[in-house]
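This is what each chain is made of:
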Amino acid sequence: MALGCNDLPMRLTFTLLFAFGVFLSSGQQMNQDSAMVRQIYDEVLANAEAHDNLHYLCKEIGHRLSGSPQLENAIYWGKELLENYGADNVFLQPVMVPKWTRGEQETAHMHVGEEAERIRITALGGSIGTGGTIKAPVIEVKYLEDLDTLGREAVEGKIVLFNRPMDPLLINTGMAYGGAYDQRSYGASKAAEYGAVGALVRSLTHAVDTFPHTGAMRYQEDIPRIPAAGISTVDARKIKLALKEGKEVEVSMNMNCVAYDDVEQFNVIAEIKGSEFPDEYIVVGGHLDSWDIGEGAHDDGAGIVQSIEVLRTLKALNYTPKRTIRVVLFINEENGNNGGKTYAAVAKDQSDFHFAAIESDSGGFSPRGFSIEGDDEGYDSLKEWVGVLEPYGIHVARRGWSGVDIRPLKNDEVLLFGLVPDNQRYFDYHHSNNDIWENVNRRELHLGAASMASLVYFLDNL
Ligand SMILES: [Zn+2]
């Protein structure tokens, strides 16, 4: 039917009514969301226990490497805490994890002529020990490929110092970390390929200090295994300067690491049952394991206590979710990711439908927003929610990496989110003796938890 002139006002009215109607309902939704977000922030800022829980985790339990008795303690601590906060159901999920121990504190010296000076190193996770003290001349390289150029003649019998700094020009320090990480992960095998007897890797940090940073490394099959250690940026610089002056520099090092057979430990899973869609899961989590130096405060005690705080807050507000909310304390993120892989494999086996997952594993700093791995619709929703959270200092809604633990859940349907805090100082602490509770700010940590609880609320109502 063609529209006559007389139909126009009617159509206009309908259009206006329709538009007004939509405006009203989305406006009402916005008001409701804003009110709920305000309640979440009020509850967290007034009553959060995350920072106190982090104190217990860091000081009473301590660092928690996979396979250690401390991780075992942390698992039962997390379970009990989640039960006490009123989770409907808390259970342990068995995971096989590697067990590696550092042994007695490693020592190292730099020798120039008759002079010996102590340098600060830390065995990289998974490294073999030195079997007594080894001593050898040092050569410095920036890139793994430099070894191809130098060849066996220059490398054989030496200790190779991989000394490429994280790129200071990148604003996102995670990107800078990613750009330097190959030295730590693959340096030892690459050096061993040309006959090196040891590897030292410049700590992955922008800080110039005396804290050596550890982290995972992997040996390549069919290449002899040599000991590998992180070296503090101050000491890497000292060696570099001596070499630059044309001096012959030797390093002696002693490490006592041992690898054992895998052992069974557990992911901790707590649920608040959904009232409308109990078979649809929204996961919020971090990783309970840490390296065996420092206290694993930012990495990732922060993500753990924030995730637990999400549950505490929703229960305190008597919030009944439509979907089932799961808090997951993953294990073994640092040296295997078997916690995340096992969780996803079990979910797949049981055909559990995961609607969304959120991970906090970038430190307990002021939250700036979220990254998302998911479809366009999910991304558009995130941008809207970040708009609602703008008064709370949240402004980042970007596509990008979510988190190591939740990543194995990735498929075409699930929405994966990573909490994005300010990350300028994260690598000052990461994987070092400097990652301690004192360096986590109470308010920043709690703001992060509130932003995560808000995201859970938005997802639950999507
Ligand atoms: Zn981490």
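Caption draft 1: Spotlight on the domain arrangement of the protein chain. Each domain of the protein chain was delimited in the assignment, giving domain 1 (43-100 + 261-460) and domain 2 (103-256). Computed from C-alpha atoms alone, the centre-to-centre distance between domain 1 and domain 2 is 33 Å. With 16 residues of domain 1 in contact, the opposing surface of domain 2 contributes 17 residues. For the side of domain 1 that touches domain 2, the residue count by class is five nonpolar, nine polar and two charged.

Caption draft 2: Spatial organisation of the sheet that holds strand 1 (residues 89-101). Reading across from one edge, 1-10-12-11-13-16-14-15 is the order of the eight strands in this open sheet, with mixed pairing throughout. Both edges of this open sheet fall to strand 1 and strand 15 (396-399), since each of them pairs with a single strand only. Here the average twist between neighbouring strands, direction ignored, is 20°. Where strand 11 (residues 277-287) meets strand 13 (residues 353-359), six bridges bridge the pair, whose relative direction is parallel. In the strand pairing of strand 13, Tyr281 is matched with His354.

Caption draft 3: Layout of the nonpolar core. Counting residues in hydrophobic clusters, the biggest one holds 81 residues, and the most contacted among them are Leu54, Leu311, Ile358, Ala453 and Val456. For this core, the element with the most residues is helix 11 (residues 442-460), which contributes eleven residues. When neighbours within four sequence positions are excluded, Val456 is seen to be in contact with Ile282, Val284, Val310, Ile325 and Ile358. The next biggest cluster of nonpolar side chains, apart from the first, holds 35 residues, and it includes Ala191, Leu200, Val249 and Met253.

Caption draft 4: Local environment of unusual backbone geometry. Here Asp299 and Asp300 are connected by a cis peptide whose omega angle stands at 0°. Inspection of the secondary structure puts Asp300 in helix 7 (residues 297-316). Backbone geometry places Asn318, a non-glycine residue, at a positive phi of 55°. Within the secondary structure layout, Asn318 lies in the loop between helix 7 and strand 12 (323-330). According to the C-beta neighbour criterion, Asn318 is exposed, with 6 such atoms within 10 Å. Its identity as a non-glycine residue notwithstanding, His431 has a phi of 60°, on the positive side. In this structure, His431 sits in the loop between helix 10 (426-429) and helix 11.

Caption draft 5: Fine view of the environment of Arg425. Considering the arrangement of structural elements, one finds Arg425 in the loop between strand 16 (415-421) and helix 10. Arg425 sits 60 residues away from Phe365 along the chain, and the two C-alpha atoms are 8.6 Å apart.

Caption draft 6: Up close: the packing of helix 7 against helix 11. Here helix 7 crosses helix 11 at 55°, and the two axes come no closer than 9 Å. By the angle class used here, helix 7 and helix 11 are oblique. Of the two elements, helix 7 crosses helix 11, and the hand of that crossing is right-handed. Along the contact surface, helix 7 presents Ala302, Gln306, Glu309, Val310, Thr313 and Leu314, while helix 11 presents Leu445, Gly448, Ala449, Met452, Ala453 and Val456. Split by residue class, the contact of helix 7 with helix 11 holds eight nonpolar, three polar and one charged.

What counts, and at which threshold
Residues numbered from 1 in each chain as written. Predicted model: local features only at pLDDT ≥ 70, side-chain atom pairs only at ≥ 80, totals over all residues. Domains from an automatic or database assignment. Contact = placed C-beta atoms within 7 Å. Nonpolar A, V, L, I, M, F, W, Y, C, P; charged D, E, K, R; others polar. Pairing = 2+ DSSP bridges. Helix = DSSP H or I, 4+ residues; strand = E, 2+ residues; numbered from the N terminus. Axes fitted to C-alpha atoms, helices over the stretch in contact; angles between N-to-C directions. Core = buried A, V, L, I, M, F, W, Y, C linked by C-beta atoms within 7 Å. Buried ≥ 20, exposed ≤ 12 C-beta atoms within 10 Å, placed from the backbone. Parallel < 35°, antiparallel > 145°, perpendicular 65-115°, else oblique. Left-handed = near helix turned anticlockwise from the far one by under 90°.

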